[in-house]
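Secondary and tertiary structure notes
These are the residues of each chain, in order.
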Amino acid sequence: MPLPSSLLDRIAIGLSGLCLLHCMAGFVLLTVFALTGDWLDHRVHFIGLMLAMPLAAVALWRGWRRHGRSDIGMMGVVGLAVMAISLAVEHGAVAEMLVSVAGVAILAFAHWQNMKALRLP
């Protein structure tokens, strides 16, 4: 039985929170300690994007089928695109954190709007 759209959106929002935590913690560690561990490797952004894309696609598409608001799906696409842009920014740079956080925030907001449009608790 497929997962309900609201659960997919909640999972996606939770993953967005973990990504934000990673971005902020990484920036703080880089600033305070001037070094990183393997858990801050740039590949984590690629892996996160590869997880986010299918989850966002399924959750936002299911929502669109029920509420018909294509603007929410487009917002999700913009968030994913901004997240993808962060892959081209130097790892550990302030710009990388800002671009990553912006993309994740846009995508999380799209999932929140998706849940709101579905009028689910």
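Higher on the page you've got the structure.
First things first, this report covers the structure right here in the doc. Every chain's residues receive numbers from 1 upward, in the order its sequence appears when written. Per-residue local features of the predicted model are confined to residues with pLDDT of at least 70, and side-chain atom pairs are confined, for both listing and counting, to 80 or more; whole-chain, interface and lining totals are unaffected and use all residues. In computing side-chain values, all of the structure's heavy atoms are included and hydrogens and water are not.

Okay, the overall build of the chain next. Strands are runs of DSSP state E lasting at least 2 residues, helices are runs of H or I lasting at least 4, and numbering of each runs from the N terminus. Scanning the chain from terminus to terminus reveals four helices and zero strands. Going residue by residue from the N terminus, the α and β elements of the chain occur as α-α-α-α. For the chain, the residues scored as buried account for 36% of the 121 residues in total. Residues are treated as being in contact if the distance between any of their heavy atoms lies within 4.5 Å. The long-range fraction of contacts in the chain, counting pairs at least 24 apart against all pairs at least 6 apart in sequence, stands at 78%. Entry remark: accessible area of the chain is about 7,100 Å², with carbon and sulfur atoms responsible for 74%. Burial status follows relative accessibility: with a 1.4 Å probe on protein chains alone, a residue under 20% of its type maximum counts as buried, one over 50% as exposed, and anything between as partly exposed. Residue-level accessible areas treat just the shown protein chains as cover; the underlying method is Shrake-Rupley with a 1.4 Å probe.

Pairing of aromatic rings covers Phe, Tyr and Trp, the last counted by its six-membered ring, and requires centre-to-centre distances within 6.5 Å; plane angles under 30 degrees mean stacked, over 60 mean edge-to-face, and any other angle means tilted. Scanning the entire structure with this criterion turns up one aromatic pair. Look at phenylalanine 109 and tryptophan 112: their rings are 5.6 Å apart centre to centre, the planes differ by 35 degrees, and that puts the pair in the tilted class. Of this pair, phenylalanine 109 and tryptophan 112 both sit in helix H4 (residues 94-118), three residues apart, which is roughly one turn of that helix. Since its relative accessible area comes to 39%, phenylalanine 109 is described here as partly exposed.

We call a set of buried Ala, Val, Leu, Ile, Met, Phe, Trp, Tyr and Cys residues a nonpolar core when their side-chain atoms join them within 4.5 Å. Counting residues in hydrophobic clusters, the biggest one holds ten residues: Leu49, Ala52, Ala56, Leu60, Ile72, Leu80, Met83, Val104, Leu107 and Ala117. Looking at this core, the elements that each hand over two or more residues are helix H2 (43-67), helix H3 (70-85) and H4. Not counting residues up to four positions away in its chain, the partners in contact with leucine 107 are Ala52, Ala56, Leu60, Gly76, Gly79, Leu80 and Met83.

A few words on a nonpolar patch on the surface. On the surface, a cluster of nonpolar side chains totalling about 430 Å² of accessible area is made up of Leu7, Ile11, Leu15, Leu18 and Leu21. Checked against the element boundaries, leucine 15 lands in helix H1 (residues 5-33). A patch is a set of surface residues, each over 30% in relative accessible area and not in a salt bridge, joined within 9 Å for like charges and within 5 Å for the nonpolar side chains Val, Leu, Ile, Met, Phe, Trp and Tyr. A side-chain nitrogen of Lys or Arg and a carboxyl oxygen of Asp or Glu constitute a salt bridge if their distance falls within 4 Å.

Shape is all these values report; function is a separate question.
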